[in-house]
Amino acid sequence: MKLALTDLKMKNLSLSLIVPLVCIFVQSVAAQSPEPAAKPKQFIYVLHLAPRLHDDKAWRAEDKAAVGRHFNRFKEAIQSGQLILAGRTSEPGDQTFGIAIFEAADEAAARKFMEADPAVTSGVMTAELHPFAVALERKNP
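Residues numbered from 1 in each chain as written. Predicted model: local features only at pLDDT ≥ 70, side-chain atom pairs only at ≥ 80, totals over all residues. Heavy atoms only, no water.

Visitor: Just checking my understanding: could you explain the sheet that holds strand β2 (residues 83-88) for this structure?
Guide: Strands pair in a sheet through their backbones, by hydrogen bonds, and they do so in one of two ways: parallel or antiparallel. Pairing is antiparallel in the open sheet, where 4 strands are placed in the order β2-β3-β1-β4. Since the sheet does not close on itself, it has two edges, and those belong to β2 and β4 (125-132), each with one partner. Within the sheet, the average angular offset between the axes of one strand and its neighbour, ignoring direction, is 15°. Sheet topology note: the β2/strand β3 (residues 97-104) ladder contains 5 bridges and is antiparallel. For Ala86, the partnering residue across the bridge sits in β3 and is Ala100. Across the sheet, helix α2 (residues 61-80) lies against β1 (41-49), β2, β3 and β4, angled at about 150° from β2, the strand it touches most. Strand contacts of helix α3 (residues 107-115): β1, β3 and β4, with the helix running at about 155° to β4, the strand carrying the most contacts. (Pairing = 2+ DSSP bridges. Helix = DSSP H or I, 4+ residues; strand = E, 2+ residues; numbered from the N terminus. Axes fitted to C-alpha atoms, helices over the stretch in contact; angles between N-to-C directions. Contact = heavy atoms within 4.5 Å.)

Encoded structure:
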């Protein structure tokens, strides 16, 4: 009986030492694991053609070149995964507008992306930024 009681005390002592050691180890491993990156937020910016360009005859070579750079930038943003979609209406110049739905870390980064758009920096288009959330998305075949 005395031996069985001693064995039981030893097992209890072993458990009382092992459990805190395991907890310390788990906390240490958790502290060393990198935290998951914050999920990017979604934004939309709405683009409007500068009033001086509502007439097709008013377009200069520099305006067309700026739109070309704008389009190429969007293609790069699609490839990198930042741009979700972009497009424009097919209405006359004074009624047309475009949109770009994209992801950014925060509003400051989203504003920087929008303001660096070549169509905006060249004055061909104006842009308005809005927080956005894609609720439903069709899967591409």
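Visitor: When you look at the pattern of salt bridges in this model, what are you seeing that I'm missing?
Guide: Any two side chains of opposite charge can pair, so long as their charged atoms come close to each other. Under the counting rule described, the total for this entry stands at 4 salt bridges. Across the pair Arg60 and Glu62 runs a salt bridge, and its minimum N-O distance is 3.1 Å. For Arg60, a relative accessible area of 41% corresponds to the partly exposed category. Each of Arg52, Arg60, Glu62 and Asp63 takes part in a single network of salt bridges with overlapping partners. (Salt bridge = Lys/Arg side-chain N within 4 Å of Asp/Glu carboxyl O. Buried < 20%, exposed > 50% of the residue type's maximum accessible area, 1.4 Å probe, protein only.)

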